[in-house]
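Chain by chain, the residues:
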Amino acid sequence: MSGRRPIRDPRLFVLRGFCVGAIAFMSQFLAVVRFTFVGLQFLQLIHGYSLLQGARAFLPVAAVVLPVSQLTLPARPGSPAASTTGPCCPQAACSWPPTCSD
């Protein structure tokens, strides 16, 4: 479906910063979605967690991601503070040990 006024002007992707930012945002989003879905299936099928136990095992991810994302909000998009803490935050949460026990 095409129109006279597209939502996003495709010429913006010629700008190096915009293109790199769009690719980085898309890759981080896909990694988080993949981690969530595959991680929950792993906990349920391999470790035998129920759906509630699997969701509870992901609470440390929220405990790390939410406060750190609030700290980086004042940072300008593309600044070193936002660029380094954004990808490191999910990694820190994933290295936290699971909270559920059998």
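Residues numbered from 1 in each chain as written. Predicted model: local features only at pLDDT ≥ 70, side-chain atom pairs only at ≥ 80, totals over all residues. Heavy atoms only, no water.

Quick word on the nonpolar core
Here comes step 1: In this structure, Leu43, Tyr49, Ala57, Phe58 and Val61 together form the largest nonpolar core, which totals 5 residues.
Here comes step 2: Here Leu43 is in contact with Gly48, Tyr49, Gly54, Ala57 and Phe58, once residues within four sequence places are set aside. (Core = buried A, V, L, I, M, F, W, Y, C linked by side-chain atoms within 4.5 Å. Buried < 20%, exposed > 50% of the residue type's maximum accessible area, 1.4 Å probe, protein only. Contact = heavy atoms within 4.5 Å.)

Thoughts on a nonpolar patch on the surface
Here comes step 1: A contiguous nonpolar patch, built from Phe25, Met26, Phe29 and Leu30 and spanning about 450 Å² of accessible area, is present on the exposed surface.
Here comes step 2: Locating Leu30 in the fold gives a position in helix α1 (residues 16-45). (Patch = residues over 30% accessible without salt bridge, like charges linked within 9 Å, V, L, I, M, F, W, Y side chains within 5 Å. Areas by Shrake-Rupley, 256 points an atom, 1.4 Å probe, with all protein chains shown as cover. Salt bridge = Lys/Arg side-chain N within 4 Å of Asp/Glu carboxyl O. Helix = DSSP H or I, 4+ residues; strand = E, 2+ residues; numbered from the N terminus.)

Considerations on the packing of aromatic side chains
Here comes step 1: Summed over all chains, the structure comprises 2 aromatic pairs.
Here comes step 2: Ring centres of Phe13 and Phe18 lie 5.1 Å apart, and the angle between their planes is 70 degrees; this geometry places the pair in the edge-to-face category.
Here comes step 3: Phe18 sits in the partly exposed class, given a relative accessible area of 30%.
Here comes step 4: Summarising the aromatic geometry, the rings of Phe35 and Phe58 are spaced 5.3 Å apart at their centres and angled 80 degrees between planes, so their arrangement reads as edge-to-face. Taken together, the residues span a long stretch of sequence, with Phe35 in helix α1 and Phe58 in the loop between α2 (51-57) and α3 (59-71) at a distance of 23 residues.
Here comes step 5: Residue classification places Phe58 among the buried positions, given a relative accessible area of 17%. (Phe/Tyr/Trp six-rings, centres within 6.5 Å; stacked < 30°, edge-to-face > 60°.)

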